[in-house]
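Descriptive structure summary
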Amino acid sequence: MSHFEYKNGELHAESASLRQIAERFGTPCYVYSRAALTAAYRAFDAAFAGHDHLVCYAVKANSNLAVLNLFARLGSGFDIVSGGELQRVLGAGGDPAKVVFSGVGKSAEEMREALAAGILCFNVESEAELARLSRVAARAGGTAAVSLRVNPDVDPRTHPYIATGLRQNKFGVPYRDALDLYRRARELPNIAISGIGCHIGSQLTDVTPFVAALDRILELADRLQADGIALAHVDIGGGLGIRYHDESPPRVEDYASALAPRLGRRALKLLLEPGRVLVGHAGVLLTRVEYLKRGPEKNFAVVDAAMNDLMRPALYDAWHDVLPVSRAGRSGGAPYEIVGPVCESGDFLARGRTLELREAELLAVMAAGAYGMSMSSNYNTRPRAAEVMVDGGDTYLVRERETVAQLLARETILP
Ligand SMILES: *Cc1c(COP(=O)(O)O)cnc(C)c1O
């Protein structure tokens, strides 16, 4: 069920009119649905109900405090990749005891902050990181719980920029080095081994690579167990894809029933780090048509949102559906390139879409809840968009639109 539907010819988020939201908060504007976020979280969590598990929402997919707070209220844990994301989780009321810390480049300062907060586990990605963490924990007089992120060398069959579990990728500890590194970790002071994990990529539309990766990781877990290194959890990472266009990703139920039974009788808690699948369909980007422009080969709709607001089309050639907010009196249409005002030919939101467009009308870029606002920038000195959360018929501004004055305030000229 979609939480963004037409009512009387006008696109709504739950019971709130997107036209009214645009009039009140301006464009470009991200709009999220509380009901959609809640339903996605509950469906995912319920799919794993038969197995001891913890959902750790991947904060980088959408890190707005209101989104994090909603997931925290639903009982979610969090997967963070920076000290900044840790502060967001704490600021949103998240439980630090349900936080895992991923990433290849954790600084000593970030390690100290995470230790002080009392996170569940560090997902360690190299021998050098393990050594640094041991030193930081010793100096702080604490113990760091550790899970190695192992690179299972499994092809996720996704866009190369979001494939992370292949041998040539920068992520994780090489599979063949993992056992040795666990043996070394066991000898390190202030390190407590707690788990093993992987994260093989994003926007996967098939369960096969997940199953292959989990089996590889469980094989290692069994060898560690035989070595007397007991683990408390196995972390399969995130990466479950969503339908943007014509993809057919597995349903969460099928994903869960392909994975959970493979743990068998092992006393391992299953950790999951879903990002996109929890937030992708829960948000749209509202934008207004500035100009319609006829070129010698193509028609352009220049809109007020750009690649700085939604980077996925420019970065991954990603496809997002684009819908008119008002569909009254539409018939036919012409193919349009939906482009932004940024000075780059890569600045497009959608290409070759058949639409009947008018100047000044509103468009909704669909399924923009994941890796939209969180990847936005100020390129071309464009203040970042406002973010609004709908709850039934109520609308809440959950991030103010930036102002140019705020952008300039951090800069100074020479005396
Ligand atoms: C990005 C990321 C995720 C979430 O990926 P999705 O494709 O959004 O589910 C999970 N774990 C790690 C380590 C990540 O880097």
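As a starting point, this report considers the structure included with it. Computed from a predicted structure; not experimentally measured.

Describing the packing of helix α7 (residues 178-187) against helix α8 (residues 208-226)
The packing of two helices is summarised by the inter-axis angle and the distance between the axes. Contact geometry for α7 and α8: axes closest at 11 Å, N-to-C directions at 40°. By the angle class used here, α7 and α8 are oblique. The element α7 and its partner α8 pack so that their crossing is right-handed. Contacts from Ala178, Leu179 and Tyr182 in α7 reach Leu220, Arg223 and Leu224 in α8. Its residues assigned to classes, the contact of α7 with α8 shows 5 nonpolar, no polar and 1 charged.

Comments concerning the side chain of Asn62
Residue position: Asn62 is located in the loop between β5 (53-58) and α3 (65-73). With near-sequence residues (within four places) excluded, Asn62 lies in contact with Tyr32, Tyr57, Val67, Leu68, Val279, Gly369, Ser374 and Glu387.

Comments concerning the nonpolar core
For soluble globular proteins, the rule of thumb is that nonpolar side chains tend to be buried together. If you look at the biggest cluster of nonpolar residues, it comprises 103 residues, and the most contacted ones within it are Phe44, Phe122, Ile196 and Ile338. Ranked by residues supplied to this core, first place goes to α8 with 9 residues. Residue-level mapping places this core at the junction of two domains, with at least three residues from each of domain 1 (4-32 + 280-408) and domain 2 (103-272). Grouped together as the second largest cluster of nonpolar side chains are 19 residues, Phe4, Ala13, Ala22 and Leu362 included.

Some details on the site of the ligand
Taken together, 14 residues are adjacent to the ligand, and Lys60, Ser202, Glu273, Arg276 and Tyr371 come closest. Taking Glu273, its side chain carries an N or O atom lying 2.6 Å from a nitrogen atom of the ligand. Between the ligand and the protein, one listed contact pairs an oxygen atom with a backbone N or O atom of Gly275 at 2.9 Å. Coverage of the ligand by the protein amounts to 94% of the 390 Å² it exposes when considered alone.

Definitions and cut-offs
Residues numbered from 1 in each chain as written. Predicted model: local features only at pLDDT ≥ 70, side-chain atom pairs only at ≥ 80, totals over all residues. Heavy atoms only, no water. Axes fitted to C-alpha atoms, helices over the stretch in contact; angles between N-to-C directions. Helix = DSSP H or I, 4+ residues; strand = E, 2+ residues; numbered from the N terminus. Parallel < 35°, antiparallel > 145°, perpendicular 65-115°, else oblique. Left-handed = near helix turned anticlockwise from the far one by under 90°. Contact = heavy atoms within 4.5 Å. Nonpolar A, V, L, I, M, F, W, Y, C, P; charged D, E, K, R; others polar. Core = buried A, V, L, I, M, F, W, Y, C linked by side-chain atoms within 4.5 Å. Buried < 20%, exposed > 50% of the residue type's maximum accessible area, 1.4 Å probe, protein only. Domains from an automatic or database assignment. Near = heavy atom within 4 Å. Polar contact = N/O pair within 3.5 Å; in protein donor to acceptor, adjacent residues only side chain to side chain. Areas by Shrake-Rupley, 256 points an atom, 1.4 Å probe, with all protein chains shown as cover.

No statement about biological role is implied by the geometric values presented.
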